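# An overview of the molecular structure
Single-letter residue listing:
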Amino acid sequence: MNSAAQPGTVYLAGAGPGDPNLLTLRVLRLLETADLILPDDLVSAEILSLAHGGAEIIPVGKRCGQPRITQAEIHVLMLEAAQAGRSVLRLKSGDPLIFGRAGEEIGALRGAKIPFEIVPGITTAFAAAARLRTPLTDRSAASKLILATAHHAAEKLELTPKWTGALPENATLVIYMPGRRFRALAEDLISSGIAGETPCVAISKVTAADEHVYSTTLAQLDDDAVGPAPVVLLIGDAIQVL
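Rules behind the numbers
Residues numbered from 1 in each chain as written. Predicted model: local features only at pLDDT ≥ 70, side-chain atom pairs only at ≥ 80, totals over all residues. Heavy atoms only, no water. Pairing = 2+ DSSP bridges. Helix = DSSP H or I, 4+ residues; strand = E, 2+ residues; numbered from the N terminus. Axes fitted to C-alpha atoms, helices over the stretch in contact; angles between N-to-C directions. Buried < 20%, exposed > 50% of the residue type's maximum accessible area, 1.4 Å probe, protein only. Salt bridge = Lys/Arg side-chain N within 4 Å of Asp/Glu carboxyl O. Parallel < 35°, antiparallel > 145°, perpendicular 65-115°, else oblique. Left-handed = near helix turned anticlockwise from the far one by under 90°. Contact = heavy atoms within 4.5 Å. Nonpolar A, V, L, I, M, F, W, Y, C, P; charged D, E, K, R; others polar. Domains from an automatic or database assignment. Buried area = accessible area lost by both parts, 1.4 Å probe.

On to the sheet that holds strand E8 (residues 199-204). Strand order in the open sheet made by the five strands is E6-E7-E10-E8-E9, with mixed pairing throughout. The open sheet is flanked by strand E6 (144-149) and strand E9 (212-217), the only strands paired with a single partner. This sheet shows a mean twist of 15° between the axes of neighbouring strands, independent of strand direction. Taken together, the six bridges between E8 and E9 define a ladder with antiparallel strand orientation. The partner of Ala202 across the bridge, within E9, is Tyr214.

The next thing to look at is unusual backbone geometry. The step from Ala229 to Pro230 runs through a cis peptide bond, and the omega angle for that step is 0°. Residue placement: Pro230 occurs in the loop between E9 and strand E10 (231-235). Despite not being glycine, Lys205 shows a phi value in the positive range, around 55°. Lys205 gets classed as partly exposed once you look at its relative accessible area, which sits at 27%. Located in the positive-phi region is Thr207, a residue other than glycine, with phi close to 75°.

Time to look at the pattern of salt bridges. Counted by the stated rule, this structure contains nine salt bridges. Linking Glu32 and Arg29 is a salt bridge whose minimum nitrogen-to-oxygen distance equals 3.8 Å. On the criterion of helical spacing, the pair formed by Glu32 and Arg29 is a turn pair, its members being three residues apart in helix H1 (residues 25-33). Taking relative accessible area as the criterion, Glu32 reaches 36% and is therefore assigned partly exposed.

In this structure, Leu189 sits in helix H6 (residues 182-191). Using a relative accessible area of 0% as the deciding quantity, one classes Leu189 as buried.

Attention shifts here to the packing of helix H3 (residues 71-83) against helix H4 (residues 102-111). Contact pair H3 / H4: the axes reach a minimum separation of 10 Å and the direction vectors enclose 45°. In this view, H3 runs oblique relative to H4, as classed from their interaxial angle. In this structure, the crossing between H3 and H4 has a hand that is right-handed. Residues Gln71, Ile74, His75, Met78 and Leu79 of H3 form the contact with H4, whose own contacting residues are Glu104, Glu105, Ala108 and Leu109. Looking at the contact of H3 with H4, its residues break down into five nonpolar, two polar and two charged.

Three or more residues of helix H5 (residues 124-132) are buried, namely Ala125, Ala127, Ala128, Ala129 and Leu132. Buried positions along H5 lie against E6, strand E7 (171-176), E8, E9 and E10. Once H5 finishes, Arg133 follows within two positions and takes phi at roughly 55°, a positive value.

Locating Ile58 in the fold gives a position in the loop between strand E3 (56-57) and H3. With 68 residues separating them along the chain, Ile58 and Phe126 place their C-alpha atoms 28 Å apart.

As for its position among the elements, Thr123 is in the loop between strand E5 (116-119) and H5. Residue Thr123 is classed as buried on the basis of its relative accessible area of 4%. For Thr123, the contacting residues outside a window of four places in its chain are Gly94, Asp95, Ile98 and Tyr176.

Segmentation of the protein into domains returns domain 1 (10-119) and domain 2 (124-235). Measuring from the centre of the C-alpha atoms in domain 1 to the corresponding centre in domain 2 gives 27 Å. Each partner contributes residues to the interface: domain 1 has eight residues there, and domain 2 has ten residues. Counting the surface domain 1 buries against domain 2, the share from its top three residues, Pro17, Ile98 and Phe99, is 62%. Our enumeration of links across domain 1 and domain 2 arrives at zero salt bridges.

Okay, structure coming up:
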């Protein structure tokens, strides 16, 4: 299989959590060969430095509700470049299919009949657990893994991930993009039936040099103790942090 980026093709690819050592070989090869690279804000400078000198890099990140480019404009960049015969690397942090608007971009590519490929990456939840040296599932503590986000489209903004009834028993909950109201979020989760003594870890800037880990219980989760964004929360009895 030819691993180089092909003319007229768009690659929706995951850059992993930020550490270049956690890139897949496939994404590295695309960085070395793609004509146009469209990275999200959370793709690290170290990873972008691996792109070849002739690549055009246009950051297309949207952070904290203040986008400098709209999703529709991203679609236009991808489609116009591919239709002109250029290879396009749409590079997302983590895995492209986990909270990365991939569905909208896939729809645009299919609608325009543009060839595309999806290249998986290491999602932040898995990188965070690896850094903590803790399982996310365990035969005695967690037979379910729930990936959720507290960030929604503007018309669907909610503080806490929703489901019917309490969190299922024997589950680990991972919350991406939890916002900054950690105490209120914890209280909502406790009111839904999760025990206050459930282990909870907030990890800021997973795999970065300035990564910050705050280990506590859900009842003791404190806004001011959590590091700066981006943050991921790991909640559940399977979480083992020494």
